[in-house]
Amino acid sequence: SKEKGGNSYNYYHPDMNKRSLHRLNMEINLRKALERGEFRVFYQPIVNLKNGTVFGMESLVRWIHPEWGMISPGEFIPLAEETGLIVPIGNWVLKQACVQNKEWQRQGYAPLVVSVNISAIQFHQLNFVQIVMDALDESGLSPDLLCLEITENIAMNNVPYILDTMQKLKLLGVRISIDDFGTGYSSLSYLKRFRVHTLKIDQSFIRDVTSDEDNAAIVTALIAMSHRLKIKSLAEGVETQDQLEFLISQGCDEIQGYVFSKPMPASEFEYMIKENK
Ligand code: C2E
Ligand code: CA
Ligand code: CA
Ligand code: CA
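Residues numbered from 1 in each chain as written. Chains lettered and ligands numbered in written order. Predicted model: local features only at pLDDT ≥ 70, side-chain atom pairs only at ≥ 80, totals over all residues. Heavy atoms only, no water.

A. Fine view of the pattern of salt bridges. Throughout the structure, instances matching the rule amount to 13 salt bridges. Among the salt bridges present, the one from Glu-58 reaches Lys-200, with a minimum N-O distance of 3.0 Å. Taken as a pair, Glu-58 in strand β2 (residues 54–65) and Lys-200 in strand β7 (residues 198–201) lie far apart in primary sequence, 142 residues in all. Residue classification places Glu-58 among the buried positions, given a relative accessible area of 4%. One salt-bridge network, in which partners are shared between bridges, spans Arg-23, Glu-27, Arg-31 and Glu-82. (Salt bridge = Lys/Arg side-chain N within 4 Å of Asp/Glu carboxyl O. Helix = DSSP H or I, 4+ residues; strand = E, 2+ residues; numbered from the N terminus. Buried < 20%, exposed > 50% of the residue type's maximum accessible area, 1.4 Å probe, protein only.)

Structure below.
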């Protein structure tokens, strides 16, 4: 076949075949991963900057494939979203995170708020509120120890449905945070209407916060704005002591990042909270 011929030639290009085969192979494996029990939930501590204690943790899914090894969510979440598999996977993570947090409560650790990432597709399932209620009922976890992380992109359409769902979640007593804040497509007025608990400042603003004046200005403004709105500010992807000190100086409420710890398996997380008990 020709290198760059008409469209029909491109379609049968061997590289293209390889790529679509790889994707198909991933999809077939992803479909089987849940029943084969190949997913794990890792936990990354969220630290309260006001008192230096662990406030809670974010649940981050990992796929451990028997041949391919550990696959990061960046590689399979987009495919899971395209195929709708994010719904059963996300529901599993939600349930797992609630059960694990309840278990730590049962063992007598200080109360921790567990955060769970909710993809827009999951949020827009008609029985989403019921799924959250089931996860709480089946685990026995107190609703205020669960936080749902949604992104601004959730709010792109069907605002009445979103407001209604947010209201129901609020009545349930779970917390809501806006993830990757500042990178999505939304209006600041949503912040007022949705009454979220926490604003997670995206790591792209934190990365150069000590060297880039624009990023410093954005982060300073976001922290100040969240305080005025009585929303907690959480900085993500904090890697260095300098970034940490900048955030403390600006009155940021919470941080998450390698400066404190990477995401880790439940057993390691438990070891860490045991040390701090
Ligand atoms: P996210 O929700 O923004 O999660 C934060 C990501 O930043 C995680 O990547 C985390 O490991 C990474 N991170 C934490 N601290 C640092 C740091 O100091 N420096 C740097 N460079 N990175 C840091 P991860 O675990 O690979 O997850 C990537 C994305 O995959 C997540 O971004 C989230 O959008 C998605 N994801 C992960 N688990 C789930 C899940 O259970 N459900 C859904 N729907 N999405 C998930
Ligand atoms: Ca997140
Ligand atoms: Ca994030
Ligand atoms: Ca992200």
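Now, onward.
B. Expanded view of the site of ligand 1. Of all residues adjacent to ligand 1, which total 21 residues, the nearest are Gln-44, Arg-62, Asn-117, Glu-239 and Tyr-258. At 3.2 Å from a nitrogen atom of ligand 1 is found a main-chain nitrogen or oxygen belonging to Val-61. One of the side-chain nitrogen or oxygen atoms of Asp-179 is found 3.1 Å away from an oxygen atom of ligand 1. With the chains in place, 81% of the 800 Å² that ligand 1 exposes on its own is no longer accessible. Of the pockets mapped on this structure, ligand 1 occupies the largest pocket. Contributions of two or more residues to the shell around ligand 1 are made by β2, α3 (73–83), α4 (86–106) and β6 (175–181). By residue class, the composition of the shell around ligand 1 is 9 nonpolar, 6 polar and 6 charged. (Near = heavy atom within 4 Å. Polar contact = N/O pair within 3.5 Å; in protein donor to acceptor, adjacent residues only side chain to side chain. Areas by Shrake-Rupley, 256 points an atom, 1.4 Å probe, with all protein chains shown as cover. 1 Å grid on protein atoms, 1.4 Å probe; cavity = no way out; pocket = protein on both sides within 12 Å on 5 of 7 lines; lining within 4 Å. Sits in = over half its atoms within 2 Å of the grid points. Nonpolar A, V, L, I, M, F, W, Y, C, P; charged D, E, K, R; others polar.)

C. Looking closely at empty space enclosed by the protein. Considering all chains together, one arrives at 1 cavity of 30 Å³ or more under this definition. As a volume, the largest cavity reaches approximately 80 Å³. Every residue lining the largest cavity is counted, 14 residues in all, and those nearest its centre are Phe-55, Ser-115, Cys-147, Thr-198 and Glu-254. Sorting the residues of the lining of the largest cavity by element identifies β4 (113–117), β5 (146–151), β6, β7 and β8 (232–235) as the ones contributing at least two each. (Points joined across faces, edges and corners; volume = space filled by probe spheres on them.)

D. Quick peek at the packing of α4 against helix α6 (residues 128–139). Contact geometry for α4 and α6: axes closest at 9 Å, N-to-C directions at 30 degrees. In terms of orientation, α4 and α6 fall into the roughly parallel class. α6 is crossed by α4, and the crossing has right-handed handedness. Of the residues in α6, those touching α4 at Asn-91, Leu-94, Lys-95, Cys-98, Val-99 and Lys-102 are Ile-131, Val-132, Ala-135, Glu-138 and Ser-139. By residue class, the composition of the contact of α4 with α6 is 6 nonpolar, 2 polar and 3 charged. (Axes fitted to C-alpha atoms, helices over the stretch in contact; angles between N-to-C directions. Parallel < 35°, antiparallel > 145°, perpendicular 65-115°, else oblique. Left-handed = near helix turned anticlockwise from the far one by under 90°. Contact = heavy atoms within 4.5 Å.)

E. Structural context of the pairing of β7. Because side chains alternate across β7, one face comprises the buried residues Thr-198 and Lys-200, and the other comprises Leu-199 and Ile-201, equally buried. Relative to β7, β6 runs parallel, the two sharing 3 bridges. The partner of Ile-178 across the bridge, within β7, is Leu-199. Bridge analysis of β7 against β8 gives 4 bridges, and the strand direction is parallel. Residue pairing in the sheet places Lys-200 in a bridge with Leu-234 of β8. (Pairing = 2+ DSSP bridges.)

F. Just the coordination of the calcium ion (ligand 2), in detail. Protein-derived ligands of the calcium ion (ligand 2) are Glu-58 (OE), Asn-117 (OD1), Glu-149 (OE) and Asp-179 (OD), with the metal-ligand distances lying across 2.1 to 2.3 Å. Every donor residue of the calcium ion (ligand 2) comes from the same chain, spaced as E-x58-N-x31-E-x29-D. Separating the calcium ion (ligand 2) from the calcium ion (ligand 3) is a gap of 3.8 Å, which Asp-179 spans by donating to each of them. Of this pair, Asn-117 sits in strand β4 while Glu-149 sits in strand β5, placing them 32 residues apart in sequence. The exposure class assigned to Asn-117 is partly exposed, which follows from its relative accessible area of 28%. Overall, the relative accessible area of 2% leaves Glu-149 in the buried class. (Donors = N, O, S within 2.8 Å, 3.2 Å for Na, K, Ca; no water.)

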